[in-house]
Amino acid sequence: MQSSEVKNRQHAKQATTIVKRGKQMSERVVLAYSGGLDTTVAVRWLKQTQDLDVVALLIDVGQGGDTEVLCKRAVESGALDAQVVDARKEFANEYVTRALHANALYQDRYPLVSALSRPLICRHLADAAHHYGARYVAHGCTGKGNDQVRFEVSLAALSPDLEVLAPCRGWGMTRDQAVGYGLQHNLPIPVGPAAPYSIDENLWGRAIECGVLEDPFVEPPDDVWERTAPASKPPAGPTYLQIEFRHGLPVALDGVPMEFVELVGKVDKLAGSYGFGRIDMIEDRVVGIKSREVYEAPAALTLIAAHAELEHLTLDRAVLRTKRGLERTYANLAYEGLWFSPLREALDAFIRTTATHVNGVVRMKLDSGNVRVVGRSSPASLYETALATYDRGDAFDHKAAEGFVKLWGLPLKTWARTRRADAGSPPGAGSWEGITGWEEPDKE
Ligand code: ARG
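Cut-offs applied
Residues numbered from 1 in each chain as written. Predicted model: local features only at pLDDT ≥ 70, side-chain atom pairs only at ≥ 80, totals over all residues. Pairing = 2+ DSSP bridges. Helix = DSSP H or I, 4+ residues; strand = E, 2+ residues; numbered from the N terminus. Expected span 1.5 Å × (residues − 1). Bend = angle between axes of the 7 residues up to and from the residue. Buried ≥ 20, exposed ≤ 12 C-beta atoms within 10 Å, placed from the backbone. Arc of directions from axis to C-beta. Contact = placed C-beta atoms within 7 Å. Axes fitted to C-alpha atoms, helices over the stretch in contact; angles between N-to-C directions. Near = placed C-beta within 6 Å. Nonpolar A, V, L, I, M, F, W, Y, C, P; charged D, E, K, R; others polar. Domains from an automatic or database assignment.

1. Looking at the pairing of strand β6 (residues 198-202)
Two strands pair when backbone bridges link them, and β6 and strand β7 (residues 205-209) are joined in this way by five bridges, in the antiparallel orientation. Bridge pairing in β7 places D200 opposite A207. What sits between the antiparallel neighbours β6 and β7 is a turn of two residues.

2. Structural notes on helix α2 (residues 37-50)
Under the 1.5 Å per step criterion, the end-to-end length of α2 is 19 Å for 14 residues, consistent within 8% with the ideal 20 Å. At R44, α2 shows its largest kink, close to 30 degrees. Across the 14 residues of α2, 12 count as buried, placing the element largely inside the fold. All of the buried residues in α2 are L37, D38, T39, T40, V41, A42, V43, R44, W45, L46, T49 and Q50.

3. Concerning helix α3 (residues 67-76)
When we look at burial in α3, the residues that qualify are L70, C71, R73 and A74. The buried residues of α3 occupy an angular sector of 140 degrees when the element is viewed end-on, so they sit on one face. With respect to the buried face of α3, the exposed residues turned more than 90 degrees away are E68 and V69. As for α3, its buried residues are in contact with α2, β2 (52-60) and β3 (81-86). Two residues or fewer after α3 comes G78, characterised by a positive phi angle close to 110 degrees.

4. Regarding the sheet that holds β6
Judged by pairing direction, the sheet is antiparallel, and its four strands sit side by side in the order β6-β7-β12-β11 without closing on themselves. Of all strands in the sheet, those bounded by a partner on one side alone are β6 and β11 (278-284). Sheet twist, expressed as the average angle between the axes of neighbouring strands with direction ignored, equals 25 degrees. Sheet strands touched by helix α5 (residues 113-132): β6, β7 and β12 (290-296). Its angle to β7, the strand with the most contacts, is close to 105 degrees.

5. A few points about the site of the ligand
Taken together, S114, A115, N146, S198, I199, D200, A207, E209, E283 and E293 form the complete shell of residues around the ligand. Sorting the residues of the shell around the ligand by element identifies α5, β6 and β7 as the ones contributing at least two each. Taken together, the residues of the shell around the ligand break down into three nonpolar, three polar and four charged. Domain assignment of the residues forming the shell around the ligand places at least three in each of domain 1 (3-194) and domain 2 (200-315 + 358-383).

6. Focus on the sheet that holds strand β5 (residues 163-165)
With parallel pairing, the five strands of this open sheet are ordered in space as β3-β2-β1-β4-β5. Of all strands in the sheet, those with a lone pairing partner are β3 and β5, marking the two edges. Ignoring which end each strand starts from, the neighbouring axes of this sheet average 25 degrees apart. Bridge analysis of β2 against β3 gives six bridges, and the strand direction is parallel. Within β3, the residue paired with V55 across the bridge is D81. The sheet contacts of α2 involve β1 (27-32), β2 and β4 (136-138), and relative to β2 the element is tilted by about 160 degrees.

What follows is the structure, given as structure tokens:
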């Protein structure tokens, strides 16, 4: 017997019981299954050490791969049942569209690729638990990431009576030990050298972590990129793309109407082929860690840029300013696992109202490594040439400006005058010193 086998047997014997309450025979757990090493090992581990019948649920959010084949792995690993749920449309329509409406970018950069899919997965876990009469649900997250927070908080909000198990957080196996456990139990796990990165992917983008990326000073090697071409090898030459929006959502490309999922896929391919959509950032995780994260999100970044631009054209100034502030709050709450919250519902209501007149077309120019807005037009445009022009046809009331500027500056003028007169209170450190026109009050 190999030593890893011995270790694994010992591990199985010593494995902590994570099912807390006394349970009857063959109780069930619905496991969020990805088909990867951890969740495949978890199928057997939950049965062997916790005596639970496992129902594996694989949620398709557009991550690619043969979901049916992956799902079979769960059955071969001892699952009582395994199901694929095609949630691509639901993910697009209920989660991605909301994030786009909100221009949601965590820390102004990350379009919440993984964060958006977790609440959807939880909704399906809760439904399946109900369907299978399971008191437990399980996820394959470790203790260091954001996803455990998103799973457990979302499930608590959706179905407070369910007990959530986190086998991979509690079993204390290293990757090698998990592989050893899999081999020992003849599980259909991927063997060979460990994948160099940890990857999570869906319609809205691709997240890449671990390996050499853990050194924040090291440039991401070429092999991390899949959806974006190297900027040095762009297609033929610059090109243009017209994105049409209706109520703040894209509905057509270059005049061709398209469903949201298809449109996102097309934009992703095109913008990605120009090498656009790479993100390399230091990110603040909910659990207090700063981590180095790399993403590819060509469609998300293109569509958010276009949508935000159209808002600049069509939203009233005060609404726009308020919305931009709330967008940060929105991104934070999605990132922090608070999707199923009254705050998100309230923000969605505000955002939905603002989207009413966000109609029109945005013209994007795609060039080597770059996609940017070069034109915008809307039937609801608040841009009035007669007001904006410096040429003939100017309808702006220049005379009115004079009085306006006087009154706009009045509070500051009053303040400055009063302050100068009040010689007893010199400016505090770093205030007006060095600014032209300020004089130190005379000291007597
Ligand atoms: N840091 C991102 C988030 O918390 C992405 C995590 C994705 N996971 C992965 N295995 N790459 O949302």
